[in-house]
Amino acid sequence: MANDTNKKDSFVLTGVKPTGIPHIGNYIGAIKPMIESANSNDFAGSFVFIADYHALNGLKDAKLLNEYTINIASIYMALGLDTNKSFFYRQSDIPEVFELSTILNAFTAKGLMNRAHAYKAAFEQNNSDEGINMGLYTYPILMAADIVLFGVGKKVFVPVGKDQVQHIEIARDIVVNFNQTYKQEIFKHPEALIQKDGEVLVGTDGRKMSKSYGNVIPIFGTEKEIKSAVMGIKTDSRQPSEPKPDYKDISIYQLYTNFASETEISEMADGFKNGKLGYGDAKKLLLEAITKYFKPYQEKYLYYKNTEAGKKELFDKLENGSQSVRKIAKSNLNQLRKIIGIN
């Protein structure tokens, strides 16, 4: 991770693919820290964009893609993204990104794309290129354009998990090749802002919480869906009166620590340790804490997603964000066009 002293003169940038309703594992592990980073005063500015063209590689249903785009925008607004501090926009509203992606194609070795994790995983699944489109293959180049378009004269930090660092390394390789070709530092080298290994939230079946396992607790699910998920958490056969000194390993307690107050957490710990709390009552406490925590966010989410006033406000914010971003993008791209000889 780069030296923090560079941040005040740098940007932080995050792309979010349009998806369905995230679960609380997504929220604690990625969404919450990302919003906190974007809303902070640690950087010269922050960019948060909805990566709708990236989503197109795997999602070919136009209606669903549009629905997911509105949905994810509503979610980030509801969860507290401050658009007074962040440029919030849709990737598809910034045509300069796609022009830069075309330019960067000429400075990217094919072998670099062959080594990209997403392509290798897709290839190894069938031991062939069958079903792999060029969007997936060149995905890292478009991602590099998303980042380095704003890296002309400014360093860009990108919050990522350890498994995503390769994307930033590829962007850096492309930048090095470009800069060396024109014998000047045009692009600043982007930096991975490696997120600390956070707590891996346990799902309702005892495994890591994941949509692929069907063991998640949705953030903005219906009351029935959330209750069903919480009350269905897998537990052992110990009776309520049986002390549970290993309470910190109990998934109900682990989840509870993210949404309850210090006093409430202490009370649950005491109840488990001293045989005063059964799993059924603990689940009810967890359900109450989750419901209370997300209630104000849920109300904002439904406002942005389901009301005409909310939708207008949402689209106005995205439009304003896009207009501001395009001013920076156009200026930077004009410089690049002159450098490469396309005026």
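Note that the coordinates shown come from a computational prediction; the quantities given were computed from them, not determined experimentally.

### Some thoughts on the sheet that holds strand E3 (residues 86–90)
- Here five strands make up an open sheet; going across it, the order is E3-E2-E1-E4-E5 and the pairing parallel. Strands at the two margins of the open sheet, each flanked by one partner only, are E3 and strand E5 (191–194). Across the sheet, the mean angle separating the axes of adjacent strands is 25 degrees when strand polarity is ignored.
- Its contacts with the sheet put helix H14 (residues 308–340) on strand E2 (45–50) and E3, and the angle it makes with E3 is roughly 105 degrees.

### Digging into the layout of surface pockets
- There is about 260 Å³ of room inside the second largest pocket.
- In terms of lining residues, the second largest pocket is bounded by 13 residues, among which Gly221, Glu223, Ile226, Thr291 and Gln298 are the most central.
- The set of elements that each furnish at least two residues to the lining of the second largest pocket consists of helix H10 (223–231) and helix H13 (279–306).
- Element by element, the count of residues in the lining of the second largest pocket is highest for H13, at six residues.
- In terms of residue class, the lining of the second largest pocket is built from six nonpolar, four polar and three charged.

### Overview of the confidence of the model for the protein
- Residues with a pLDDT of 70 or more make up 97% of the protein, whose mean pLDDT is 92.
- Across residues 1–5 the pLDDT falls below 50, and counting only partners more than four positions away or on other chains, this stretch makes seven contacts in the model.

### Quick word on empty space enclosed by the protein
- Counted by the stated rule, this structure contains one cavity of 30 Å³ or more.
- Taken as a whole, the largest cavity spans an internal volume of roughly 30 Å³.
- Lining the largest cavity are Val12, Leu13, Thr14, Met34, Ser37, Ala38, Ser46, Phe47 and Val48.
- Class assignment for the residues of the lining of the largest cavity results in six nonpolar, three polar and no charged.

### Quick word on the packing of helix H1 (residues 24–39) against H13
- Closest axis-to-axis distance for the H1/H13 pair is 13 Å, and the angle between their directions is 60 degrees. In terms of their interaxial angle, H1 and H13 are classed as oblique. When you trace H1 past H13, the crossing you get is left-handed. Here Ile24, Tyr27 and Lys32 of H1 come into contact with H13, specifically with Ile290, Tyr293, Phe294 and Tyr297.
- For the contact of H1 with H13, the residue count by class is six nonpolar, no polar and one charged.

### Observations regarding the environment of valine 216
- Within the secondary structure, valine 216 is located in the loop between E5 and H10.
- The spacing of valine 216 and isoleucine 24 is 192 residues in sequence and 7.5 Å in space, taken between C-alpha atoms.
- In contact with valine 216, other than residues within four places in its own chain, are His23, Thr204, Met209, Ser210, Lys211 and Ala229.

### As for the packing of aromatic side chains
- Under the defined criterion, the tally for this structure stands at 24 aromatic pairs.
- On the basis of an interplanar angle of 90 degrees and a centroid distance of 6.4 Å, the ring pair of phenylalanine 47 and tyrosine 89 is categorised as edge-to-face. Residue phenylalanine 47 is located in strand E2, and its partner tyrosine 89 is located in strand E3; the two are separated by 42 residues in the primary sequence.
- An aromatic cluster of at least three residues, connected via ring pairs, comprises Phe11, Phe47, Phe49, Phe87, Tyr89 and Phe150.
- Lying across the ring of phenylalanine 11, lysine 154 places its NZ or CZ 5.8 Å from the centre.
- Over the ring of tyrosine 213 we find arginine 207, and its NZ or CZ is 4.0 Å from the ring centre.

Definitions and cut-offs
- Residues numbered from 1 in each chain as written.
- Predicted model: local features only at pLDDT ≥ 70, side-chain atom pairs only at ≥ 80, totals over all residues.
- Heavy atoms only, no water.
- Pairing = 2+ DSSP bridges.
- Helix = DSSP H or I, 4+ residues; strand = E, 2+ residues; numbered from the N terminus.
- Axes fitted to C-alpha atoms, helices over the stretch in contact; angles between N-to-C directions.
- Contact = heavy atoms within 4.5 Å.
- 1 Å grid on protein atoms, 1.4 Å probe; cavity = no way out; pocket = protein on both sides within 12 Å on 5 of 7 lines; lining within 4 Å.
- Points joined across faces, edges and corners; volume = space filled by probe spheres on them.
- Nonpolar A, V, L, I, M, F, W, Y, C, P; charged D, E, K, R; others polar.
- pLDDT = per-residue confidence, 0-100.
- Parallel < 35°, antiparallel > 145°, perpendicular 65-115°, else oblique.
- Left-handed = near helix turned anticlockwise from the far one by under 90°.
- Phe/Tyr/Trp six-rings, centres within 6.5 Å; stacked < 30°, edge-to-face > 60°.
- Lys NZ or Arg CZ within 6 Å of the ring centre and 35° of its normal.

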